[in-house]
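Chain and residue survey
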Amino acid sequence: MKRDLYAITLFGAAVLILTALIDSGVWLTFLMMALYAALLAQAWNVLGGYGGQMSFGHALFFGVGAYAQALGQMTLGLNPWLVLPLAVGMGALSGLAMGGLTFRYGLKGSYFALVTLAFAEVFRILAGSVSFTGGGMGLMVPLQEGLSNMQFGSRRGYVYLMLGFVWLALLATVWLRHSRFGAYLQAVRDNEDAARAVGVNPFRVKLGGIALSAAFMGAAGAFYVQVFQYIDPGIAFGPAISVEALVGAIVGGLGTLWGPLLGAVALHLLADLTRNLFGELPGISMVIYGVVLIVIVMFLPRGIGGVGQSVRRLLFFKERARV
């Protein structure tokens, strides 16, 4: 555990130094959005990688956190820093609500995935039909630059804020790797019946996993609102957020500490390069994600983060074949 803590501390220090040295707004924006994508992937990895619950509807938790952040400021008149814990908490509560319904009835595998997708789609339709969310027009958060309003004059401030979120997500992942709860969660992922036989309560464990995952998605939604000062149902609950979260985790390596971060950064870099080469072609990012996902599943089933382990296994089997 100490090695993991040292590693994420060094990672945080390196990003802080790099951010302080960068003057280009383009590179600061890239770093900010890469960390944002890493938070989405890390959040999905908690439930999908360590819990084995393949969700297609993590946009639900993102959207709840985003609207909570926007409405807390615009309707309740609260300071953004005070609204942030509320947005995170609302994300976690939405996870508990959805998990309570799905896990109570034993949904798993493709059934769980489709139900989560349906939940996100229902919320997208509802958010576009009620007035307090701005309907289809969405909500525009007033621009009031200043540290006290969580609206920074430079991207550098947003990089620091997102780095804090990612660092906390990495800490949570380290805790899952070494805690009793994390062991329970992985046991439920590997064999739910066997875990139940040794005294683990799968319902409670999965509920804790989805709440933790949803909390980080809520934080990502709150961050999005503060950066772009706008949210609408299509952005908040649309499939793009869910796809970005799950593909980053799968490409990087499920159930690993650094895999989601590596996958998110690689995909974000690839998306930027493609955008520069092909322009703003509709749906090009989805096509790229699909192709990359197929290639990873075929040739790197453990993801980018598991390349070394896959190579070692391949060499081991070749060596045994010779013997």
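Described below are features of the structure shown in this document.

The rules behind the values
Residues numbered from 1 in each chain as written. Predicted model: local features only at pLDDT ≥ 70, side-chain atom pairs only at ≥ 80, totals over all residues. Heavy atoms only, no water. Helix = DSSP H or I, 4+ residues; strand = E, 2+ residues; numbered from the N terminus. Rg over C-alpha atoms; globule rule 2.2 N^0.38 Å. Buried < 20%, exposed > 50% of the residue type's maximum accessible area, 1.4 Å probe, protein only. Contact = heavy atoms within 4.5 Å. Areas by Shrake-Rupley, 256 points an atom, 1.4 Å probe, with all protein chains shown as cover. Lys, Arg positive; Asp, Glu negative; His and termini not counted. Charge placed at Lys NZ, Arg CZ, Asp CG, Glu CD. Core = buried A, V, L, I, M, F, W, Y, C linked by side-chain atoms within 4.5 Å. Expected span 1.5 Å × (residues − 1). Phe/Tyr/Trp six-rings, centres within 6.5 Å; stacked < 30°, edge-to-face > 60°. Axes fitted to C-alpha atoms, helices over the stretch in contact; angles between N-to-C directions. Parallel < 35°, antiparallel > 145°, perpendicular 65-115°, else oblique. Bend = angle between axes of the 7 residues up to and from the residue. Polar contact = N/O pair within 3.5 Å; in protein donor to acceptor, adjacent residues only side chain to side chain. Nonpolar A, V, L, I, M, F, W, Y, C, P; charged D, E, K, R; others polar. Patch = residues over 30% accessible without salt bridge, like charges linked within 9 Å, V, L, I, M, F, W, Y side chains within 5 Å. Salt bridge = Lys/Arg side-chain N within 4 Å of Asp/Glu carboxyl O.

Our next topic: the overall build of the chain. Of the regular secondary structure elements, the chain holds 14 helices and two strands. Computed over C-alpha atoms, the radius of gyration of the chain comes to 20 Å, within 12% of the 20 Å expected from 2.2 N^0.38 for 323 residues, which places it in the range of a compact globule. Principal-axis analysis of the C-alpha atoms places the extent of the chain at approximately 70 × 50 × 40 Å. Taken across its 323 residues, the chain has 48% of its residues classed as buried. In the chain, of all internal contacts separated by at least 6 residues, the share reaching a separation of at least 24 is 77%. Per element, the accessible surface of the chain, about 15600 Å² overall, is 68% carbon and sulfur. Charged side chains of the chain number 20 positive and 12 negative; the gap between the two group centres comes to 13 Å.

The subject of this paragraph is the nonpolar core. The biggest cluster of nonpolar side chains holds 77 residues, and the ones touching the most others in it are Leu35, Tyr36, Phe223 and Ile231. With sequence-adjacent residues up to four places away left out, isoleucine 231 is seen in contact with Ala66, Tyr67, Ala70, Gly138, Leu139, Tyr224, Val225 and Ala236. In terms of nonpolar packing, the next biggest core, distinct from the first, is built from eight residues, Tyr50, Val188, Ala195 and Val205 among them.

What follows concerns helix H11 (residues 239-252). Structurally, the α-helix is built with 3.6 residues per turn, so residues lying three or four positions apart point the same way. Taking 1.5 Å per residue, 14 residues should reach 20 Å; H11 reaches 20 Å between its end C-alpha atoms and fits that length. Summarising burial for H11: 10 of the 14 residues are buried, a large majority. All buried positions along H11 are accounted for by Ile241, Ser242, Glu244, Ala245, Leu246, Val247, Gly248, Ala249, Val251 and Gly252. With its phi angle positive at about 135 degrees, glycine 253 sits one or two positions after the end of H11.

Here the focus is the packing of aromatic side chains. Inspection of the entire model under this criterion finds 13 aromatic pairs. Here the aromatic rings of phenylalanine 152 and tyrosine 158 are separated by 5.0 Å at their centres, their planes lie at 80 degrees, and the arrangement is edge-to-face. Comparing phenylalanine 152 with tyrosine 158, the two get one shared label, buried. Plain terms: the ring middles of tyrosine 224 and phenylalanine 228 are 4.7 Å apart, the flat faces sit at 40 degrees to each other, and that makes the pair tilted.

For the pair helix H2 (residues 25-50) and H11, the least separation of the axes is 7 Å and the interaxial angle reads 75 degrees. In terms of axis orientation, H2 runs roughly perpendicular to H11. Residue-level inspection shows Tyr36, Ala37, Leu40, Ala41, Trp44 and Asn45 of H2 in contact with H11, the latter providing Ile241, Glu244, Ala245, Leu246, Gly248, Ala249 and Ile250.

Our focus in this paragraph is H2. Compared with the 38 Å implied by 1.5 Å per residue over 26 residues, the 36 Å span of H2 between its first and last C-alpha is a close match. Along its length, H2 reaches its greatest deviation from straightness, about 35 degrees, at tryptophan 44. Where H2 begins, the capping side chain belongs to serine 24, and its oxygen is found 3.3 Å from the backbone nitrogen of valine 26. Within two residues after H2, glycine 52 carries a phi angle of roughly 70 degrees, on the positive side.

Moving on: the packing of helix H6 (residues 155-178) against helix H7 (residues 180-190). For the pair H6 and H7, the least separation of the axes is 5 Å and the interaxial angle reads 75 degrees. On the basis of the axis angle, H6 is roughly perpendicular to H7. Contact with H6, carried on its side by Trp175, Leu176, Arg177 and His178, involves Arg180, Phe181, Gly182, Ala183, Leu185 and Gln186 of H7 and no other residues of that element. Looking at the contact of H6 with H7 residue by residue, the class counts come to five nonpolar, three polar and two charged.

Bringing the side chain of glutamate 192 into the picture now. Examined against the element boundaries, glutamate 192 turns out to sit in helix H8 (residues 192-197). Setting aside chain neighbours within four positions, we find glutamate 192 in contact with Lys108, Ala187, Pro202 and Lys206.

Here we take up unusual backbone geometry. Backbone geometry places methionine 150, a non-glycine residue, at a positive phi of 60 degrees. With respect to the helices, strands and loops of the structure, methionine 150 is situated in the loop between strand S1 (139-140) and H6. Despite not being glycine, glutamine 229 shows a phi value in the positive range, around 55 degrees. Position of glutamine 229 relative to the elements: it lies in the loop between helix H9 (202-228) and strand S2 (230-231).

With that settled, consider a nonpolar patch on the surface. Residues Leu76, Leu78, Leu82, Leu86, Met90, Leu93 and Leu96 make up a contiguous nonpolar surface patch of roughly 630 Å² in combined accessible area. For leucine 96, the position within the fold is in helix H4 (residues 80-104).

Turning to its location among the elements, valine 115 is positioned in helix H5 (residues 109-127). C-alpha separation for the pair valine 115 and methionine 137, spaced 22 residues apart in sequence, amounts to 27 Å. Those residues in contact with valine 115 that sit more than four places away from it in its chain are Thr102 and Leu107.

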